[in-house]
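Each chain is listed here by its residues.
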Amino acid sequence: MNKDNVRSRLIELAAAELDGAKAAYAEHLQASKPVEDQATVVDDQAQAWSQAELAEDLEKMLRAAEAKVATLDALDFGPKKFVEPGAIVTASGRHFVIGVSMDHFTCEGIDLIGLSPLAPFYQAIEGLEKSDTSEFGGHTVKIEEII
């Protein structure tokens with residue numbers, strides 16, 4: 001598995017997530033602008049609060065996507081011997097890219113999952129080497145490969 005291809009795929013997915021978040025935020029801002037000639041009604045204040053809460057949620061989504069892109073840009077994808085950020089780890093038959101949380105994705109025909117260093121599973125395998133084992137969720141997890 002080529003780590004450069006995996007890194008490129010992650011960056012592509014994170015950039016698409018960021019573009020989607022930007023579009024959703026811009027669409028919300030455009031749709032929530034009041035029409036100048038529109039008369040105000042009693043429900044306007046309640047609707048304004050609701051719109052503000054939605055805008056806040058969309059902004060959080062946007063900031064999270066921006067942080068993911070920045071993290072990927074700064075991540076060292078060089079060769080690894082231990083489970084650490086920047087490693088691609090095969091554990092119990094599943095492939096994990098350590099560094100950012102990412103839904104399942106495919107690269108070079110291999111299914112991978114982005115795993116954040118804050119994830120409980122990562123914390124259970126952090127620092128392990130190839131062939132080491134750890135317990136997680138009542139199961140023994142074996143590190144089969146680290147790239």
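Our subject is the structure listed above.
Residues numbered from 1 in each chain as written. Predicted model: local features only at pLDDT ≥ 70, side-chain atom pairs only at ≥ 80, totals over all residues. Heavy atoms only, no water.

Draft legend 1. Layout of the packing of aromatic side chains. All chains considered together, the criterion is met by two aromatic pairs. Centre to centre, the rings of Phe96 and Phe121 are 5.0 Å apart; their planes meet at 40°, and the pair counts as tilted. A residue pair is termed long-range when its members are at least 10 positions apart, and Phe96 in strand β2 (residues 94–98) and Phe121 in helix α3 (residues 120–125) qualify at 25 residues. Pairing Phe121 with Phe136 gives two aromatic rings, centres 5.2 Å apart and planes at 75°, and the pair type is edge-to-face. Taken together, the residues Phe121 in helix α3 and Phe136 in strand β5 (residues 133–136) connect sequence positions 15 residues apart. By relative accessible area, Phe121 is classed as buried at 13%. Look at Phe136 and you get partly exposed, because its relative accessible area is 32%. By way of ring pairs, the aromatic residues Phe96, Phe121 and Phe136 are connected into one cluster. (Phe/Tyr/Trp six-rings, centres within 6.5 Å; stacked < 30°, edge-to-face > 60°. Helix = DSSP H or I, 4+ residues; strand = E, 2+ residues; numbered from the N terminus. Buried < 20%, exposed > 50% of the residue type's maximum accessible area, 1.4 Å probe, protein only.)

Draft legend 2. Local environment of the nonpolar core. Membership of the largest hydrophobic core comes to 20 residues, with the highest contact counts inside it found for Val6, Leu10, Leu72, Phe77, Val97, Phe105 and Leu112. Of all the secondary-structure elements, those providing two or more residues to this core are α1 (3–31), α2 (44–74) and β3 (102–107). Top element by residues in this core is α1. It accounts for six residues. Other than its neighbours up to four places away in sequence, Phe105 contacts Val6, Arg9, Leu10, Leu13, Val97, Ile110, Asp111, Leu112, Ile113 and Gly114. Of all hydrophobic cores here, the second largest spans 16 residues; its members include Val89, Ile98, Val141 and Ile143. (Core = buried A, V, L, I, M, F, W, Y, C linked by side-chain atoms within 4.5 Å. Contact = heavy atoms within 4.5 Å.)

Draft legend 3. Molecular detail of the pattern of salt bridges. Following the criterion strictly, the structure yields five salt bridges and no others. For Arg63, the salt bridge is made with Glu59, and the minimal N-O distance between the two is 3.7 Å. One end of the pair, Arg63, and the other, Glu59, are both in helix α2, four residues apart, so they sit about a helical turn from each other. Residue Arg63 is classed as partly exposed on the basis of its relative accessible area of 42%. Across the salt bridge formed by Asp76 and Lys80, the nearest N and O atoms sit 3.3 Å from each other. Each of Glu59, Arg63 and Glu66 takes part in one network of salt bridges that share partners. (Salt bridge = Lys/Arg side-chain N within 4 Å of Asp/Glu carboxyl O.)

Draft legend 4. Examining the sheet that holds β2 more closely. Taking strand neighbours across the sheet as the criterion, the six strands line up as β3-β4-β2-β1-β6-β5 in an open arrangement whose pairing is mixed. The open sheet is flanked by β3 and β5, the only strands paired with a single partner. Mean inter-strand twist for the sheet, computed between neighbouring axes without regard to direction, equals 35°. As judged from the four bridges shared by strand β1 (residues 88–91) and β2, these two strands associate in the antiparallel manner. Across the sheet, the residue bridging to Ala91 is Arg94, located in β2. (Pairing = 2+ DSSP bridges. Axes fitted to C-alpha atoms, helices over the stretch in contact; angles between N-to-C directions.)

Draft legend 5. Fine view of the side chain of Lys80. Along the polypeptide, Lys80 turns up in the loop between α2 and β1. Given a relative accessible area of 10%, Lys80 falls into the buried group. Among the polar contacts made by the side chain of Lys80, one reaches the main-chain carbonyl oxygen of Asp76 at a distance of 3.2 Å. Setting aside chain neighbours within four positions, we find Lys80 in contact with Lys3, Pro85, Gly86, Ala87, Ile146 and Ile147. (Polar contact = N/O pair within 3.5 Å; in protein donor to acceptor, adjacent residues only side chain to side chain.)

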